[in-house]
Amino acid sequence: MSIVRTSSIAKRSAERVPASSPPSSGTKRLRAALLFAAPLIIASAIWEALVRIGVLDDRLTPAPTAIFARLFTLAGPDGNYLLWTNLGTSAARVLPALVIAAVLGTIIGVALGLSRKANDYLSAVLGFLLPLPAVAWTPVFVVSIGRGYNTMVIVLVLGAVFPILYNVMSGVQGITERHIWALQSLGGRRLDVLFKVILPGAWPAILTGLRLGMGHAWRTLVAVELLTSATLGIGALIFTSRSSMDTTTMYAAILAIAGAGLFIDHIFFRTWENRTLGRWGGIS
Amino acid sequence: MFATAAKRLRSGRRVLRGSAAVLALVIIWELTARLGIVDSFLIPPPSTVVAHLFTLAGPSALPAYALWTHIGWSVLRLIAGVALGCVVGVPLGLAMGSNRLISLTFRPLLTLLLAVPSLALAPILILMIGLNNWVPIVIIAIETAVIMAYNAESGSSSIPKNMRWAMASLGAGKLGIFLRVVLPASLPSLVTALKLSVGYGWRALIAVESLAATAYGLGFMIFDAQNYMDTETIFAGIISIAIVGFTLERAVFGSIEKRINAWYAIAAREK
Amino acid sequence: MASTSKFSAQGIRKSFHDERTGRTVEAIDNLDIEIADGEFVVLIGPSGCGKSTFLYMCAGFESPSAGTILFDGKPIAGPSPERGIVFQDFVLYPWRTVRRNITLGLELKGMGKQEASDRAQHWIELTGLTGFEDSYPRQLSGGMKQRVAIARTLACEPKAVLMDEPFGALDVQTRDFMVRDLQRVWQETDKTIVFVTHSVEEAIMLADRIIVFGSRPSRVKEDIRLDLSRPRSESDPEVVKLRSHLIELLANEGHEEFNDALTAVAPAPVTHVAGAR
């Protein structure tokens, strides 16, 4: 009696993303956090030691203490809050792109999921475009529109839209007929079915798609900032500090990117998931 | 049989419709470029692009057969990276799946690495080992290792305990159990992860090649062309990237995945 | 008779064409069924005989390949809240609480949230769901989920309720309980109910009239009117007789040709009046 049949695509995407853990109490979460941090702390300590004794070159692999120090400086007034300005600039590119990709992906995904005809016509084209890296489109747009904000957002949209589209489509396809019939027997018309059955029913797939799409967009962000020679942005920060051989800042930026990605994925999406799927029982 | 004929009819219809859609898109593209609705310098018509593609693949290109050289280098780097990543990631993942301590130790590192876009590691890598082919290979290897480890762990840890026990009571030792239970049972997850790695690896590769860490490669080809505003080459490159990416991810590894899954489904049913 | 008919099916034929395998399945061969207002009709027959398909035609999800089916004298054009449905696998919406599942039909009519909630309260109490209004379906047992489904359908105040093996997914004890409960609910609401099952016990406990379907392609094998008092007792000799008759009917499905010759039982409208009369 599940509303969604698992499909290979959804499953594949789920395998890519670490599974959500059930909502836990305060101490459980603390314990999990400690368990997570412990190996990292130990590894950092070893790294630190190796740098201090001189086994590791501190120009290529600066000590973790130095990296964290730099991170904190950049986050504060001494560093002109550069960390935040750069993260903010990048976010200002990714977030609108994700919203656009979500809207486009959901609309097309629902349409393809509901209509077998549309599916027949378009699945070949889409299947072909899916493995195409969004970065490959950058030259096209750089040459036509230049290296600005718009190019970046367009490429990010292209990167995020396909996983969202595919997941939404498979989510909609997984909704059984009877759920639609039940609503019609209660007096539901077309729009009712769309908003009260299809969208909520496809929600887990939509969420998976959004999560994947966000991941794609975040990864593409770095490439896009590089290729458009952006001066500002957390990805750009890595490349600008390369020219001054400032490896400490490079590592700090990498850490910031990873941290931001983890924050969005684990905290934002996981909470969202728990509040919806957690209460509904995951639907499948 | 009548059944398979009808099945072929259904999929035949899909192929027909799919091709019709592709054809329609190509025609629209051709017309908009030729009629000048879109600047044909910025977006050249498909006929020109395809012609250019063939030129690049032929002896009159500069250097000769340039396209094949680019494709060759890209594919080589991808395969080398994926292979290296598997060698590291699969044993690690399997170990994590059977030993909780190992899992706890490496999980955080993997999660962290997964969150880092691979291109971000490139500049540091270049500083360490210079501009050469190892840069893309190592980057792909890191990403592959993480994906393979993750999936190897989840694949091997989800093996029901009684499968291992059954093998043990048949007299198999730890190695026997590993070879006869853990490996075969993890295979579907590993194959799926392999397909994912190829997909992600291809993306990372194109991006890394744009750094001009190396000469040749499809990524290099299109970004080099960007500098000369050579839109024909850019589009030819995009098409090549799409075709090769599709072939690798879907055709090759996709069908391997399907075969393995089908084999396992049959084997499961026979039980 | 036709003026009090709730459902009027004539000459119904239904075949399915499976696109994938290319085969055509004749589900229903020829059905003529009239269901009166307020009747509790049970459709019983072997698996795959088309009784659910007929129910779906009454609901408006499927349409006959030939023949006509009328509801209140008008052709059935599609699903409607006048003909409520209850499925075997509950088909509740997991993202809505019990209360919101039940108010769904009222919401669709345009009723305000507060009013819908107040209306729904009556049905919640009637189906014994008090205290569970704010739970999610995931937290409920099978029996409770089916009660929600029933309450949801009843809240729309349909003219007829169609039930497709509603207790098939429940364990035996819950099923007995639900059967008794359904009788109580029916007596209080007095609707036309068309109930599909392959359980002889359920049929006897609940029905005013039992229509036995033959196997595919199906026709009406027998149309039995029950005049037994409710609640039905298992030890009542008439019940026992009816029970063995039905079991025999269903068991003989494969050997229909032989049976016809031996017992000369011809498929016909109302053949049998069982009961204390």
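The structure displayed is predicted, hence computed values, not measured ones.

Colleague: What's the story with the overall build of chain B in this structure? I'm lost.
Modeller: Counting its secondary structure elements, chain B contains 10 helices and zero strands. Moving toward the C terminus, one meets the helices and strands of chain B in the order α-α-α-α-α-α-α-α-α-α. By the compact-globule yardstick of 18 Å for 271 residues, chain B is too spread out, its C-alpha radius of gyration being 23 Å. Seen through its C-alpha atoms, chain B measures out along the principal axes to roughly 75 × 65 × 30 Å. Classification of the 271 residues of chain B by burial places 42% in the buried group. A separation threshold of at least 6 residues defines the contact pool for chain B, and within that pool the share at least 24 residues apart is 70%.

Colleague: I'm lost on the overall build of chain C in this one. Help?
Modeller: Within chain C, the regular secondary structure consists of nine helices and 11 strands. Per-residue burial for chain C yields a buried fraction of 42% across its 277 residues. For chain C, contacts bridging at least 24 residues in sequence account for 71% of all contacts bridging at least 6.

Colleague: What is the right way to read the pairing of strand β3 (residues 40-44) of chain C from this model?
Modeller: Regular strands place side chains that alternate from one sheet face to the opposite one. All names here are of chain C. Within β3, five of the five residues are buried, leaving the element largely enclosed by the surrounding structure. Of the two faces of β3, both are covered, the one formed by Phe40, Val42 and Ile44 as well as the one formed by Val41 and Leu43. Bridge analysis of β3 against strand β8 (residues 192-197) gives five bridges, and the strand direction is parallel. Residue pairing for β8: Leu43 is matched across the bridge by Val196. The pairing of β3 with strand β9 (residues 209-213) spans four bridges and is parallel. Paired with Leu43 across the bridge in β9 is Ile211.

Colleague: For this particular structure, what's the right way to read helix α1 (residues 51-59) of chain C?
Modeller: Given 3.6 residues per helical turn, the α-helix brings residues three or four places apart onto the same face. All names here are of chain C. With respect to burial, α1 is a largely interior element, nine of its nine residues being buried. When we look at burial in α1, the residues that qualify are Lys51, Ser52, Thr53, Phe54, Leu55, Tyr56, Met57, Cys58 and Ala59. Following α1 by one or two positions, Gly60 has its phi on the positive side, about 105°.

Colleague: It is not clear to me how the environment of B:Ser156 should be interpreted in this structure. Could you clarify?
Modeller: Residue and element names in this part refer to chain B. Mapping Ser156 onto the fold places it in helix α6 (residues 134-157). Separated by 46 residues in sequence, Ser156 and Trp202 have C-alpha atoms that sit 26 Å apart. Among all residues touching Ser156, those that are not within four sequence positions of it are Leu94, Gly97, Ser98, Val182 and Ser186.

Colleague: Would you take a moment to explain the nonpolar core for this structure?
Modeller: Considering soluble globular proteins, one finds that nonpolar side chains tend to be buried as a cluster. A:Leu156, A:Ala160, C:Val41, C:Leu43, C:Val194 and C:Phe195 are the most contacted members of the largest nonpolar core, which has 217 residues in total. With 16 residues, helix α8 (residues 174-210) of chain B is the largest single contributor of residues to this core. Excluding its chain neighbours within four sequence positions, the residues that come into contact with C:Leu43 are C:Lys51, C:Phe54, C:Leu55, C:Val194, C:Phe195, C:Val196, C:Ile211 and C:Phe213.

Colleague: Whenever I open this one, the packing of helix α3 (residues 66-98) of chain B against α6(B) confuses me. Can you help?
Modeller: For any two helices packed against each other, one specifies the inter-axial angle together with the distance between the axes. All names here are of chain B. Put simply, α3 and α6 touch, their axes get as near as 6 Å, and they point 30° apart. What the angle tells us is that α3 and α6 run roughly parallel. Read as a crossing pair, α3 and α6 show a hand that is right-handed.

Colleague: Would you take a moment to explain the interface of chain B and chain A for this structure?
Modeller: One widely used convention gives an interface's size as the accessible area the parts lose upon coming together. The partner chain A presents 46 residues to the 47 residues of chain B that form the contact. For the side of chain B that touches chain A, the element with the most residues is helix α10 (residues 231-270) of chain B, which contributes nine residues. Class assignment for the residues of the side of chain B that touches chain A results in 31 nonpolar, 10 polar and six charged.

Colleague: Help me understand the packing of helix α12 (residues 247-280) of chain A against helix α5 (residues 118-129) of chain B, please; the structure alone is not making it clear to me.
Modeller: Direction vectors running N to C along α12(A) and α5(B) enclose 155°, while the axes themselves pass 10 Å from each other. Put simply, α12(A) runs roughly antiparallel to α5(B). For the pair α12(A) and α5(B), the sense of crossing is left-handed. Where α12(A) approaches α5(B), its residues A:Thr247, A:Met250, A:Ile254 and A:Ile257 are matched on the opposing element by B:Ala120, B:Pro123, B:Ile124 and B:Leu127. For the contact of α12(A) with α5(B), the per-class residue count stands at seven nonpolar, one polar and no charged.

Colleague: Help me understand the environment of A:Val168 in this model?
Modeller: Residue and element names in this part refer to chain A. Within the fold, Val168 resides in helix α7 (residues 149-173). For Val168 and Trp203, which are 35 residues apart along the polypeptide, the C-alpha to C-alpha distance reads 8.0 Å. Non-local contacts of Val168, meaning those with residues more than four positions away in its chain, are made with Gly105, Thr106, Gly109, Val110, Gly113, Ala202, Ala205, Ile206 and Gly209.

Colleague: Looking at this model, I keep getting lost on the pairing of β9(C). Mind explaining?
Modeller: Residue and element names in this part refer to chain C. Of all five residues in β9, four are buried, a share of seventy percent or more. In terms of strand pairing, β9 meets strand β10 (residues 218-227) through five bridges, oriented antiparallel. Directly across from Ile211, in β10, lies its bridge partner Asp223. Joining the antiparallel neighbours β9 and β10 is a turn of four residues.

Rules and cut-offs
- Residues numbered from 1 in each chain as written.
- Chains lettered and ligands numbered in written order.
- Predicted model: local features only at pLDDT ≥ 70, side-chain atom pairs only at ≥ 80, totals over all residues.
- Helix = DSSP H or I, 4+ residues; strand = E, 2+ residues; numbered from the N terminus.
- Rg over C-alpha atoms; globule rule 2.2 N^0.38 Å.
- Buried ≥ 20, exposed ≤ 12 C-beta atoms within 10 Å, placed from the backbone.
- Contact = placed C-beta atoms within 7 Å.
- Pairing = 2+ DSSP bridges.
- Core = buried A, V, L, I, M, F, W, Y, C linked by C-beta atoms within 7 Å.
- Axes fitted to C-alpha atoms, helices over the stretch in contact; angles between N-to-C directions.
- Parallel < 35°, antiparallel > 145°, perpendicular 65-115°, else oblique.
- Left-handed = near helix turned anticlockwise from the far one by under 90°.
- Nonpolar A, V, L, I, M, F, W, Y, C, P; charged D, E, K, R; others polar.

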